[in-house]
Amino acid sequence: MGGIISSGRGGTNLMNSPRPEGDPNAAKESWEEIRKVGVDKVGVAVFEKLFHDDPESFQMFKTFRDDPNWKENKGFKSHSRLVMNVIGGAVAKDQGDEELRKIMLTIGSAHAAFAIKDIHFTIMRNELFVQLQLHLGSKFTPEVKAVWEHAYDAFVRAMKFAMTSGSVKHN
């Protein structure tokens, strides 16, 4: 058996630890609450923080970097939504581990050509937890936070693995 994104057939284990224990319904409910708040809203805030803290990272986004109204750009919102849906899906266990692993590796492969730095993942992680605390309030318990941390770390691990391994075979 694997963690959040591992292959059961001798494939790539991208998570070093099992999913944190706790009330799985509380984690799932936290994702549902974020969906009510607005996946776009939270994702946009995370990326805005990235662009604020590392302005050079903005240049990686060809679909909206030249748009003076980039905050309203459909490509920007779509990208923000995609990232949040993958992480939130992992929190809520919307997909099976194998499907989630494939999604994360595909996203990582698509990012291999970009100069993504560890600090980008750190900035986004920190802002994600600021946003979760802001929107979930007292529902953002240590157990729920641990599940979100686990999901985000799995996402980053898959991204880094796929970005550095070249072609990714999905079994």
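One can find the structure itself at the top, above this paragraph.
Residues numbered from 1 in each chain as written. Predicted model: local features only at pLDDT ≥ 70, side-chain atom pairs only at ≥ 80, totals over all residues. Heavy atoms only, no water.

S.K.: How do you make sense of the side chain of D54 when you look at a structure like this?
M.R.: Summarising the element assignment, D54 is placed in the loop between α2 (39-53) and α3 (74-92). Although buried, D54 forms no salt bridge, and the nearest oppositely charged side chain, K117, lies 4.4 Å from it. (Helix = DSSP H or I, 4+ residues; strand = E, 2+ residues; numbered from the N terminus. Buried < 20%, exposed > 50% of the residue type's maximum accessible area, 1.4 Å probe, protein only. Lys, Arg positive; Asp, Glu negative; His and termini not counted. Salt bridge = Lys/Arg side-chain N within 4 Å of Asp/Glu carboxyl O.)

S.K.: Looking at this model, I keep getting lost on helix α4 (residues 97-110). Mind explaining?
M.R.: Note on helix geometry: an α-helix contains 3.6 residues per turn, so any two residues three or four positions apart are oriented the same way. An ideal rise of 1.5 Å per residue puts 20 Å on 14 residues; α4 measures up with 20 Å between its terminal C-alpha atoms. For α4, the complete set of buried residues consists of L100, R101, M104, L105, I107 and G108. The buried residues of α4 occupy an angular sector of 160 degrees when the element is viewed end-on, so they sit on one face. Looking at the packing, one finds that the buried side of α4 touches α3 and α6 (142-165). (Expected span 1.5 Å × (residues − 1). Arc of directions from axis to C-beta. Contact = heavy atoms within 4.5 Å.)

S.K.: Help me understand the packing of aromatic side chains, please; the structure alone is not making it clear to me.
M.R.: How two aromatic rings sit relative to each other is given by the distance of their centres and the angle of their planes. Under the counting rule described, the total for this entry stands at 16 aromatic pairs. Look at F51 and F61: their rings are 5.3 Å apart centre to centre, the planes differ by 70 degrees, and that puts the pair in the edge-to-face class. With F51 in helix α2 and F61 in the loop between α2 and α3, this pair connects stretches of sequence that are 10 residues apart. Take F51: its relative accessible area is 7%, and that puts it in the buried class. Here the aromatic rings of F51 and F64 are separated by 6.2 Å at their centres, their planes lie at 50 degrees, and the arrangement is tilted. Here the residue F51 occupies a position in helix α2, and F64 occupies one in the loop between α2 and α3, the gap between them amounting to 13 residues. In this structure F64 comes out as buried when scored by relative accessible area, which is 1%. A connected cluster of aromatic rings, assembled from ring pairs, spans F47, F51, F58, F61, F64, W70 and F76. Between the NZ or CZ atom of K145 and the centre of the ring of F129, over which it lies, the distance is 6.0 Å. (Phe/Tyr/Trp six-rings, centres within 6.5 Å; stacked < 30°, edge-to-face > 60°. Lys NZ or Arg CZ within 6 Å of the ring centre and 35° of its normal.)

Just distances and angles here, no functional claims.
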